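# Structural overview
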Amino acid sequence: MLAEIKRYLKQRQTVSLYDLALRFDAEPEAMRGMLEVWLRKGRVRRLPVTGGSACASGCGGGCSTCAVAGPESEWYTWVGDAKPAGRVVWLRAESPSR
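By convention here, each chain's residues receive numbers from 1 onward along its written sequence. Residue-level local features of this predicted model are given only where pLDDT is at least 70; pairs of side-chain atoms are given and counted only at 80 or more, and the full residue set underlies all totals for whole chains, interfaces and linings. The basis for the side-chain values is all heavy atoms of the structure; hydrogens and waters are excluded.

## Digging into the pattern of salt bridges
The rule for a salt bridge is simple: a side-chain nitrogen of Lys or Arg has to be within 4 Å of a carboxyl oxygen of Asp or Glu. For the coordinates displayed, the defined rule picks out 5 salt bridges. In this structure, Arg12 engages Asp19 in a salt bridge whose closest nitrogen and oxygen atoms are separated by 4.0 Å. Exposure remark for Arg12: the relative accessible area of 47% places this residue in the partly exposed category. The residue Arg46 makes a salt bridge to Glu36 at a minimum N-O spacing of 3.0 Å. Taken together, the positions of Arg46 in strand β2 (residues 44–46) and Glu36 in helix α3 (residues 28–40) put the pair 10 residues apart, joining distant regions of the chain. Overall, the relative accessible area of 38% leaves Arg46 in the partly exposed class. A single network of salt bridges, built from pairs that share partners, joins Glu29, Arg32, Glu36, Arg46 and Glu74. Exposed residues in this analysis have more than 50% of their type's maximum accessible area, buried residues have under 20%, and partly exposed residues fall in between, with area computed by a 1.4 Å probe over protein chains only. Strands here are runs of E lasting at least two residues and helices are runs of H or I lasting at least four, both read from the DSSP assignment and numbered beginning at the N terminus.

Structure below.
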């Protein structure tokens, strides 16, 4: 099921917990638990509840819809499969000795 959730998130990019629960016929709390796996791996990000793209009404912040707690106001976005950048190693060119 985790792979299906991943595929769904990648396809939709940003999805509410409510949408995920409906899509996978699961309780929101169970869905949260599965999303934690992707959150820990850094592949999914939970969006802030208020304002911006997290607002289900698209108000951009300040509407009363944003303040409603629940699966409708909890949004997740797919961040990607890219692994975090590793350590950068700087190499210095040495001039040839004479």
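## What to know about the environment of Met31
Locating Met31 in the fold gives a position in helix α3. By relative accessible area, Met31 is classed as buried at 0%. Once the C-alpha coordinates of Met31 and Tyr18 are considered, the two residues, 13 residues apart in sequence, prove to be 9.2 Å apart. Contact criterion: two residues are considered in contact whenever any of their non-hydrogen atoms come within 4.5 Å of each other. In contact with Met31, not counting residues within four places along its chain, are Ile5, Leu17, Leu20, Ala21, Phe24 and Ala26.

## With respect to the packing of aromatic side chains
Each Phe, Tyr or Trp ring, with Trp reduced to its six-membered ring, pairs with another whose centre is within 6.5 Å; inter-plane angles below 30 degrees give stacked pairs, above 60 give edge-to-face pairs, and intermediate values give tilted ones. Under the definition given, this model contains 2 aromatic pairs. An angle of 85 degrees between the planes, with centres 5.7 Å apart, marks the rings of Tyr8 and Phe24 as edge-to-face. Here Tyr8, found in helix α1 (residues 2–12), pairs with Phe24, found in the loop between α2 (17–23) and α3; they are 16 residues apart in sequence, far enough to count as distant. Both residues of the pair, Tyr8 and Phe24, belong to the buried class. In this structure, Arg23 packs its charged tip against the face of Phe24, placed 5.0 Å from the ring centre. Put simply, a charge is over a ring when the Lys NZ or the Arg CZ is close to the ring centre, within 6 Å, and near the line of the ring normal, within 35 degrees.

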